[in-house]
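Tertiary structure, described
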Amino acid sequence: MSVPYLMEDRREAGRLVAKVDADAWVREYLAPVMPTGAPEVLDVGAGPGHIAQAVCRAWPDSRVVAFDGNPERLAAGSGSADGAALVRRCGDARDLPFEDGVFDVVYSRLMLQYVAERGRAVAEMARVTKPGGVVVLFDLDGQLVWHDPVSPALSAVLDPVVAALRATGFDPHTGRQLYRLAREAGLTDLAVRVDPYHVIAGPIEPAEREQWHLKLDIARPAIARALGSSGAADKAVRIFLDHLDSEDTLTYSVAFTVTGRQKPGARRR
Ligand SMILES: C[S@@+](CC[C@H](N)C(=O)[O-])C[C@H]1O[C@@H](n2cnc3c(N)ncnc32)[C@H](O)[C@@H]1O
């Protein structure tokens, strides 16, 4: 059984792998917090486990659990890094099937924006982290919603689409919430980093356009439900892609990374 996910589609595993350089991401965002030795690491919302595999490559002595709500997507990425170093587990991030305090590093990349009860998921991530261990939360702010100019045609489709996606639990402003969620989960020594994520000024590059096209195609059933027909969804997707193709367009979003530590004296429940 799968945990409900807005972007559920057989093409989603491939889309996720194609849009990140996993080795570069772990060097940039995990290397600064990775302890020496043989760390136990948990990737929450791992998709096909491409980031977890990069962790295994970068830290060959680590033991990594790739955890996701969809068993097929999780299995789609299995490969040479699997084995003793990488274990795949399926379940719900809001109720992690692990004992308290067992991981040195727990991270989640681009999952929390889809989880309505994201506070519960962050609390679970903190719970399974060892005292003194690290939690890394990485998510977006402004995706889909920050543009200039916003034409009447774009505004007419954007507003109902975003409202409908919100009804599934998706929140385009999750990034800014991560600091508060980390505090509420009792994490300490919090560090906040903000990086540009999508920045499209003028006509979008073909490869990036292809990724947006696929993303919108995967979201199309939810958009059709929001707008009342598949014809209306097709039109909305066309308006959005025309906007990305325009010389006039600026579209952007940012990625927040919040890193926190489980209190060294935290007692296991
Ligand atoms: C956008 S993908 C991110 C995948 C990967 N972390 C990456 O950065 O490419 C979000 C993933 O979170 C998973 N997910 C969403 N809600 C979940 C939940 N409540 N529990 C476990 N996984 C969940 C989805 O199945 C999906 O694979």
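Residues numbered from 1 in each chain as written. Predicted model: local features only at pLDDT ≥ 70, side-chain atom pairs only at ≥ 80, totals over all residues. Heavy atoms only, no water.

As annotated in an unreviewed UniProt entry, the protein chain carries the name Methyltransferase domain-containing protein and is attributed to Streptomyces durocortorensis.

1. Focus on the packing of aromatic side chains
Definition in use: Each Phe, Tyr or Trp ring, with Trp reduced to its six-membered ring, pairs with another whose centre is within 6.5 Å; inter-plane angles below 30 degrees give stacked pairs, above 60 give edge-to-face pairs, and intermediate values give tilted ones. Where helices and strands are cited, they refer to DSSP runs of H or I of at least four residues and of E of at least two residues respectively, numbered from the N terminus. Remark: exposure states derive from per-residue accessible area (1.4 Å probe, protein chains only) relative to the maximum for the residue type, with buried under 20%, exposed over 50%, and partly exposed in between.
A complete count under the given rule lists 10 aromatic pairs for this structure. Ring centres of F67 and F98 lie 5.8 Å apart, and the angle between their planes is 65°; on these two criteria the pair is classed as edge-to-face. Here F98 lies in the loop between β3 (86-90) and β4 (103-109) and F67 lies in strand β2 (residues 63-68), a separation of 31 residues in the sequence. Considered together, F67 and F98 belong to a single accessibility category, that of buried residues. Aromatic side chains F98 and F103 sit 5.2 Å apart centroid to centroid with 90° between the ring planes, which places their arrangement in the edge-to-face category. Each member of the pair, F98 as well as F103, is classed as buried. Following the ring pairs from residue to residue traces out a cluster consisting of W25, Y29, Y107 and F138.

2. Some thoughts on the pairing of β2
What counts here: For a crossover, the right-handed case is the one in which the path from the first strand over the helix to the second runs clockwise, viewed with the strands pointing away from the viewer. By the convention used here, strands pair only if DSSP detects at least 2 bridges between them.
Counting buried positions over the 6 residues of β2 gives 5, a clear majority of the element. What joins strand β1 (residues 40-44) to β2 is helix α3 (residues 50-58), and the crossover it makes is right-handed. As paired elements, β2 and β3 share 5 bridges and run parallel to each other. Note on β3: the bridge partner recorded for V64 is L86. Crossover handedness for the path β2 to helix α4 (residues 71-76) to β3: right-handed.

3. A word on the UniProt feature "domain: Methyltransferase type" (unreviewed entry) in the protein chain
What counts, and what does not: UniProt positions are given in the numbering used here, feature names are shortened, and annotations may be inferred rather than shown by experiment.
Here the UniProt-annotated "domain: Methyltransferase type" (unreviewed entry) positions come out as residues 42-137. The span residues 42-137 shows a helical share of 26% and a strand share of 31%, and its end C-alpha atoms are spaced 12 Å apart.

4. Quick word on the side chain of H173
As a reminder of what qualifies: Under the rule applied, a polar contact is a pair of N or O atoms within 3.5 Å (in protein, one hydrogen donor and one hydrogen acceptor; residues adjacent in sequence only if both atoms are side-chain atoms). Here, residues are in contact when the closest pair of their heavy atoms is within 4.5 Å.
Tracing the backbone shows H173 in the loop between α6 (152-167) and α7 (178-184). Within the local environment of H173, its side chain forms a polar contact with the side chain of D141, the two groups lying 2.9 Å apart. Separated by 3.1 Å, the side chains of H173 and R176 make a polar contact. Excluding residues within four positions of it along the chain, H173 makes contact with L140, D141, G142, V145, W146 and R166.

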